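# Overview (structure and organization)
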Amino acid sequence: MTDTLGLLEESRNLAHHLGYEICEEPLGELPGGSCHVAGRARIMLNIAHAPAEQLDVLIGALARDIRTQNETKSHLLEQRFAQVARYS
């Protein structure tokens, strides 16, 4: 769980650095994901979901942004990005 929370925080920081606004909302059964609202890039996270599920959504959204390739990430976060790339 500690790795999950640490990776979630690191991913949030990366998203903010890249200009994303992180929105935590109750989304029912929807997992969330990236979108643009009024010209601003946002990543929606379902506040009702566990941190691990939120992390999966956040990494999935960030992995589609080519700018993340040039950003410094921890070894653990790099591994998670590589997993997403393998299954995309």
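One can find the structure itself at the top, above this paragraph.
So, here's what we can say about the structure. Values in this document were obtained by computation on a predicted structure and should not be read as measured data. (Residues numbered from 1 in each chain as written. Predicted model: local features only at pLDDT ≥ 70, side-chain atom pairs only at ≥ 80, totals over all residues. Heavy atoms only, no water.)

## Here we look at the pattern of salt bridges
The condition is simple: Any carboxyl oxygen of Asp or Glu that lies within 4 Å of a side-chain nitrogen of Lys or Arg is treated as forming a salt bridge with it. Secondary structure follows DSSP: runs of H or I at least 4 residues long count as helices, runs of E at least 2 residues long count as strands, and numbering of each begins at the N terminus. In this scheme, a residue with accessible area under 20% of its type's maximum is buried, one over 50% is exposed, and one in between is partly exposed, where area comes from a 1.4 Å probe on protein chains only.
Enumeration according to the criterion identifies 6 salt bridges in this entry. Arg40 serves as the salt-bridge partner of Glu21, at 3.6 Å between the closest nitrogen and oxygen. Separated by 19 residues along the polypeptide, Glu21 in strand β1 (residues 21–25) and Arg40 in strand β3 (residues 40–46) bring together distant segments of the chain. When its relative accessible area of 25% is taken as the criterion, Glu21 is described as partly exposed. We note a salt bridge from Asp56 to Arg80, for which the minimum N-O separation is 2.5 Å. With Asp56 in helix α2 (residues 51–63) and Arg80 in helix α3 (residues 75–87), the pair connects residues that are 24 residues apart, well separated along the chain. Residue classification places Asp56 among the partly exposed positions, given a relative accessible area of 45%.

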